[in-house]
Amino acid sequence: MRVAKSAGYLYIHVTDKSEGKKRPRRTKDGAKAGAGHGSKVDIKVPMKVVDALFSAGKDELDIVAALRALSGHGDTELVTVKDSENTVRIWVDSKNMAD
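One structure accompanies this document, and this report is about it. Bear in mind the structure is a predicted one, so any value in this text is a computation, not a measurement. (Residues numbered from 1 in each chain as written. Predicted model: local features only at pLDDT ≥ 70, side-chain atom pairs only at ≥ 80, totals over all residues. Heavy atoms only, no water.)

1. A word on the nonpolar core
Membership of the largest hydrophobic core is limited to 10 residues, which are L10, V45, M47, V49, V50, A66, L70, L78, V79 and V92. Sorting the residues of this core by element identifies helix 1 (47-53), helix 2 (63-73) and strand 6 (76-82) as the ones contributing at least two each. At three residues, the largest contribution of residues to this core is made by helix 1. Non-local contacts of L10, meaning those with residues more than four positions away in its chain, are made with V3, A4, K5, I43, K44, V45, M47 and V50. (Core = buried A, V, L, I, M, F, W, Y, C linked by side-chain atoms within 4.5 Å. Buried < 20%, exposed > 50% of the residue type's maximum accessible area, 1.4 Å probe, protein only. Helix = DSSP H or I, 4+ residues; strand = E, 2+ residues; numbered from the N terminus. Contact = heavy atoms within 4.5 Å.)

This is the structure in structure tokens:
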């Protein structure tokens, strides 16, 4: 796991390499599929959101303040999860409106 601050963001990178230790699957043509690749989780949070989250004081989180800060930040990708076959992304879409 790696945690860093850069350019106004908090980055958290987690790699699970244990998946690569499993016996690789074979595709229809006999080639190894996803050999040696583990799962990766990348999280990118604006520091303004982190600061707002911890603004409540000791042993408390201010979720409402963090959500307000996040909504004021505009469109941004927050989480990416990857494995050898799939990618899942979670992001804020300011253009999406409820009916």
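2. Remarks on helix 2
Within the sequence span of helix 2, burial applies to A65, A66 and L70. Here the buried residues of helix 2 occupy an arc of 135° about the axis, which is enough to place them on one side. Of the residues in helix 2, the exposed ones pointing more than 90 degrees away from the buried face are L67, R68, S71 and G72. Its side-chain oxygen 3.4 Å from the backbone nitrogen of V64, D62 forms the N-cap of helix 2. In the stretch just after helix 2, G74 is the one whose phi turns positive, near 85°. (Arc of directions from axis to C-beta. Polar contact = N/O pair within 3.5 Å; in protein donor to acceptor, adjacent residues only side chain to side chain.)

3. Description of the side chain of T76
With respect to the element layout, T76 can be found in strand 6. Residue T76 is classed as buried on the basis of its relative accessible area, which comes to 8%. T76 has contacts with Y9, L70, W91 and V92, leaving out every residue within four places of it along the chain.

4. What to know about the packing of aromatic side chains
Considering all chains together, one arrives at one aromatic pair under this definition. Ring centres 6.1 Å apart and planes at 45° place the aromatic pair Y9 and Y11 in the tilted group. (Phe/Tyr/Trp six-rings, centres within 6.5 Å; stacked < 30°, edge-to-face > 60°.)

5. Considering the pairing of strand 2 (residues 9-16)
Summarising the sheet, strand 1 (residues 2-6) and strand 2 pair through five bridges and their orientation is antiparallel. Its bridge partner lying in strand 2, V3 is registered against I12. Hairpin connection, strand 1 to strand 2: the antiparallel pair is bridged by two residues, and A7 has positive phi, about 50°. Bridge count for strand 2 against strand 5 (residues 39-46) is eight bridges, and the pairing is antiparallel. Paired with T15 across the two strands is K40, which belongs to strand 5. (Pairing = 2+ DSSP bridges.)

Everything listed is a geometric property; what it means functionally is a separate question.
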